[in-house]
Structures are given as structure tokens and as C-alpha cells.
Amino acid sequence: MQVPLLDLKAQYATIRREIDEALMRVVESQYFILGPEVDALEHEIARYCRSPHALGVSSGTDALLIALMALDIGPGADVVTTPFTFFATAGTIARVGARPVFVDIEPSSFNIDASAAVAAIGAGTRAIMPVHLFGRCASMEPILEAARGRDLPVIEDAAQAIGSVDERGRAAGSVGTVGCFSFFPTKNLGGFGDGGMVTTADAEIADRMHMLRVHGMRPKYYHHIVGGNFRLDALQAAVLRVKLPLLDRWSAGRRANADRYRDLFSEAGLVGEHVRLPEDVTGHIYNQFVIRVDSRDELRDHLARAGVGTEIYYPVPLHLQACFRDLGYARGDFPHAEAAAAEVLALPIFPELTEDQIVHVVRSIAAFYVGG
């Protein structure tokens, strides 16, 4: 049996007619950059994320970048963040000339340790960038309280978390100063290419990001600040508008699959001894179902032979990446992030998974550890 990590063809099969109609609508309009499709998506995302303002941009990476630029984060600034995340989190900080200041993660959630983030705030700190990893919101309240007391912006990297809520029921991307989303095809809400969104409750920040998105221009060919080309394509917006009304149902499907994994792993006697499961918390939308296992690399090879797709998010924490060597961090500085990098394995969790496929995944893991 083949169980891919993600099967976007299965998703497309359920919405083929609506997607094809949306694409043809854009083609016939010949309006490909920004325009009415993007405007409509921005309003729909703002409503969905409970945020007064939403701005479509060219990728999740550019969402982070434009947020930093809008907040005047640049050379000489420190930004507190996590080393266990996709590279863009710290990469965008470095691109604006600022310095990523890493703190360790909570081993139970994989998210930034909020108390460590607060403790890392120093004289040079100009922002805090927590990440809602794998579809679970980070613990935000200690970070928000510290930020308010020091007048620091909080940039939520919610690239993997659209539709998730935190422990207080607040939507990801609506809690901090700016929320940043990715519509990369593998996300719960994915486009047919790159795309992103930024959300904010601050009208002045929103206005500044609108200018930054088009090279700091207003009106046409009159440039007040140096921005970039961060525009969202109308074709991507049209695809996302078809998918957005289905997002909650798809996320519920992911949660149901996570529950089924838990039952089957428990029945197989694997929990605790060989497999540590992600915590089951309210609001988790499971962009990834990430387990911690012994002999991770050997297990992954075994699963590949059994036809099961997996991925390692992430094999090298950012403080140990070669490009950040000059920051002065060393192995052992963030033991929880380093342990996670050695143990994590993402299993298929997409909503179209069948019962037989989930059973095959668990049985294949059981065969590796206990035989059979």
C-alpha cells in the first residue's frame, strides 16, 4: 500500500470544477496581479482570522519580511525567536540586517519557550517572533505581557497555523502586532504556487505594508519608501477563495485522523516506549502530525520501504546552520531543540487519508519496533 505524506491530487479531485471555473474567471478577466480577486480574498481572510486588516503578499517568507520592514526592524536590532522552525523565520530577520536571538523550545509542544523568550529580552531587542509550529499556537500571553511592558511588537509566524486558536480561543494571526501566513501548497490552505498574507489590527501598519508591497509607491511611480515586489497573484487568490470555505472541514478531518492515530498507537502498545505523540490540545489544526521516535532515521527508511511517506521537520536547528555560525551559538546551547531535531518524524495527516492507510502506517511502525 502507498501512503504519501500529502496527496494534493485527492484534494483537487473534490473541487476540480470550482477550481477550474475560478481559474478561467481570472484568465478571462486578464487581471493577473492584485485586483478584485486579491481584494476579495483579503476581506475573506480578515474575517476568518478575526483581524481588521489583511494584505495578500507573494509568499509566507515575504509576509515575514514585509512585517519586519513595516516595523522598521533593521541593523542593530535583536529579534527574539526560536531555532526550531523553517528557515524563513530567522532568514528574514537576517535579511533586514537584524540579529536573530534564539531561545529554546518547549519539548512538549515544539513551540518557543515563552518564559525563555521573555528572559532573553535585552537592551537591543526590537521585536519578538514566536512561531505557531505544525498548526499549534505558541503560548502567547507571557510574551504579549512582556512586549506590552516594553513597547515591543510581536510578529506571529503563523505560516502553518491558519485556523488554529490559542489557549484563550484567539485566532492565530490576530494576537500579536502582525500575523504572517503562508499559502504554500502543502499548507492546510494552500495555493497552486507561492502566496502569503499579513494581518494586523493597526491601521497605520497596514497602510505602510500596502506601500511596501508595491515598492513604497503611492500614487503610481511616486515612491515614499523603499519597499519590494510583494504582490499576490490573482490566480492564487482565486484558488484560495475556493478553498477557504472548506478549510474548517479539512482541519476537522486532520484532527479526526490525529485521534485515529492516537487510538491505534495506543492499541499497538507503542506510546511512551517507542513513540511519543503530539499533545492533543484545543485549537490544533495539524498542519503536520509530528511524532518523536527512537532510531528515527532507521524507522524512516523502513517506512519508505513500506510505501509510507514521511518528512523530517527539521533536521538541523537554526542555531547550528552554517549561515548563522557568526551568531556565536554552539551545539548544546538549546538542548530541547537539538533533541527534537534528532527525533521528530512527520506522518501523513491530510484529510483524505483512508482508514486502511492510517492502519498501514501504524502497523508498519509497529513492525519496526516489535515485529509482526
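This one's a predicted model, so the numbers in the text were calculated from it and none came from an experiment.

## Considering unusual backbone geometry
Item 1. Residue Pro219 is reached from Arg218 by a cis peptide bond, and omega for that bond is -10°.
Item 2. Turning to its location among the elements, Pro219 is positioned in the loop between α7 (203–213) and α8 (234–243).
Item 3. Cis geometry is found at the peptide bond from Tyr313 to Tyr314, where omega equals 15°.
Item 4. If you trace the backbone, Tyr314 turns up in the loop between α10 (296–305) and α11 (335–343).
Item 5. Despite not being glycine, Phe134 shows a phi value in the positive range, around 65°.
Item 6. In this fold, Phe134 is placed in the loop between β4 (125–129) and α6 (141–150).
Item 7. With a phi angle near 75°, Tyr221 is a residue other than glycine that sits in the positive phi range.
Item 8. By the secondary structure assignment, Tyr221 is in the loop between α7 and α8.

## Some thoughts on the packing of helix α1 (residues 8–29) against α8
Item 1. Contact pair α1 / α8: the axes reach a minimum separation of 9 Å and the direction vectors enclose 140°. As the angle between them shows, α1 and α8 are arranged oblique. Considering only the axes of α1 and α8, their crossing is right-handed. Contacts between α1 and α8 pair Gln11, Ile15, Glu18, Ile19, Ala22, Leu23, Arg25 and Val26 from the former with Ala234, Leu235, Ala238, Val239, Arg241, Val242 and Lys243 from the latter.
Item 2. In terms of residue class, the contact of α1 with α8 is built from ten nonpolar, one polar and four charged.

## Focus on helix α9 (residues 247–267)
Item 1. Over its 21 residues, α9 runs 30 Å from end to end, which matches the ideal 30 Å to within 8%, given 1.5 Å per residue.
Item 2. Of the positions making up α9, those classed as buried are Leu247, Trp250, Ser251, Gly253, Arg254, Asn257, Ala258, Tyr261, Arg262, Leu264 and Phe265.

## Structural notes on empty space enclosed by the protein
Item 1. Under the counting rule described, the total for this entry stands at two cavities of 30 Å³ or more.
Item 2. Volume-wise, the largest cavity comes out at about 70 Å³.
Item 3. Within the lining of the largest cavity, the residues separate by chemical class into five nonpolar, four polar and two charged.
Item 4. In this structure, the second largest cavity encloses a volume near 40 Å³.
Item 5. Contributing to the lining of the second largest cavity are Leu6, Leu8, Gln11, Lys187, Asn188, Arg254, Phe350, Pro351 and Glu352.
Item 6. Of the residues belonging to the lining of the second largest cavity, the class tally is four nonpolar, two polar and three charged.

## Describing the environment of Tyr329
Item 1. Relative to the assigned elements, Tyr329 resides in the loop between α10 and α11.
Item 2. In the structure, Tyr329 is positioned 173 residues away from Glu156 in sequence and 24 Å away in space, judged by C-alpha atoms.
Item 3. Look past the residues within four positions of Tyr329 in its chain and what remains in contact with it is Arg99, Pro100, Val101, Phe102, His319 and Phe334.
Item 4. At a separation of 3.0 Å, a polar atom in the side chain of Tyr329 contacts the main-chain amide nitrogen of Phe102.

## A short note on the packing of α9 against helix α12 (residues 355–370)
Item 1. It is at 10 Å that the axes of α9 and α12 come closest, and there the two elements cross at 40°. As the angle between them shows, α9 and α12 are arranged oblique. Seen from above, α9 lies across α12 with right-handed handedness. Only Glu355, Ile358, Val359, Val361, Val362 and Ile365 of α12 make contact with α9, whose side of the interface consists of Asn257, Arg260, Tyr261, Leu264 and Phe265.

## Brief notes about the environment of Cys180
Item 1. With respect to the helices and strands, Cys180 occurs in strand β6 (residues 178–182).
Item 2. Sequence-wise, Cys180 and Leu6 are 174 residues apart; in three dimensions their C-alpha atoms are separated by 23 Å.
Item 3. Cys180 has contacts with Ala63, Leu64, Ala67, Ile155, Glu156, Asp157, Ala158, Ala159, Met197 and Val198, leaving out every residue within four places of it along the chain.

## Some remarks on the sheet that holds strand β9 (residues 289–293)
Item 1. A sheet is described by the order of its strands in space; here three strands give the open sequence β8-β9-β10, paired in antiparallel fashion. The strands lining the two open edges of the sheet, one partner per strand, are β8 (275–276) and β10 (344–347).
Item 2. Two strands pair when backbone bridges link them, and β9 and β10 are joined in this way by four bridges, in the antiparallel orientation. Note that in β10 the partner of Arg292 across the bridge is Val344.
Item 3. Sheet strands in contact with α11 are β8, β9 and β10, and its direction is about 95° off that of β9.

## Quick look at the layout of surface pockets
Item 1. Space inside the largest pocket adds up to approximately 380 Å³.
Item 2. Forming the boundary of the largest pocket are 22 residues, of which Phe86, Gln160, Ser182, Lys187 and Tyr314 lie nearest the centre.
Item 3. Only α3 (60–70) and α4 (88–95) provide two or more residues apiece to the lining of the largest pocket.
Item 4. Examining the composition of the lining of the largest pocket, we find that three residues originate from one element, α3, more than from any other.
Item 5. Taken together, the residues that form the lining of the largest pocket break down as nine nonpolar, ten polar and three charged.

## Some thoughts on α6
Item 1. Buried within α6 are the following residues: Glu141, Ile143, Leu144, Ala146 and Ala147.
Item 2. Looking at the buried positions of α6, the neighbouring elements they touch are α5 (114–119) and β4.
Item 3. The positive-phi residue at the C-terminal boundary of α6 is Asp151, with phi of around 55°.

Criteria and cut-off values
Throughout, residues of each chain are indexed from 1 in the direction in which the sequence is written. Since the coordinates come from a predicted model, pLDDT governs what is reported: local features require at least 70, and pairs of side-chain atoms require 80 or more to be given and counted, while whole-chain, interface and lining totals use all residues. The basis for every side-chain value is the complete set of heavy atoms in the structure, and neither hydrogens nor water enter the calculation. Here a strand is any run of E in DSSP of at least two residues, a helix any run of H or I of at least four, and the numbering for each starts at the N terminus. All axes are obtained by fitting lines to C-alpha atoms, using only the stretch in contact for helices, and the reported angles, taken between N-to-C directions, cover 0 to 180 degrees. Roughly parallel refers to an angle under 35 degrees, roughly antiparallel to one over 145, roughly perpendicular to one between 65 and 115, and oblique to any angle outside these ranges. The sense of a crossing depends on the near helix, which, turned anticlockwise from the far helix by less than a right angle, makes the crossing left-handed and, turned clockwise, makes it right-handed. Whether two residues are in contact is decided by their heavy atoms: any pair within 4.5 Å suffices. Amino acids outside the nonpolar list (Ala, Val, Leu, Ile, Met, Phe, Trp, Tyr, Cys, Pro) and the charged list (Asp, Glu, Lys, Arg) are all regarded as polar, and Gly is one of them. Expected helix span is computed as 1.5 Å times (number of residues minus one). Think of it in three bands: with a 1.4 Å probe and only protein chains considered, a residue is buried below 20% of the maximum accessible area for its type, exposed above 50%, and partly exposed in between. Grid points spaced at 1 Å over the protein atoms alone were grouped into cavities, where a 1.4 Å probe fits but cannot get out, and pockets, open sets with protein on both sides within 12 Å along at least five of seven lines, with lining residues defined by an atom within 4 Å of a point. Grid points are joined across faces, edges and corners, and a volume is the space filled by probe spheres set on the points. Each polar contact in these results corresponds to two N or O atoms within 3.5 Å; when the atoms are within protein, one needs to be able to donate a hydrogen and the other to accept it, and residues that are neighboring in sequence are counted only if both atoms are side-chain atoms. Two strands are counted as paired when DSSP detects at least two bridges linking them.

What is shown is where atoms sit, not what they do.
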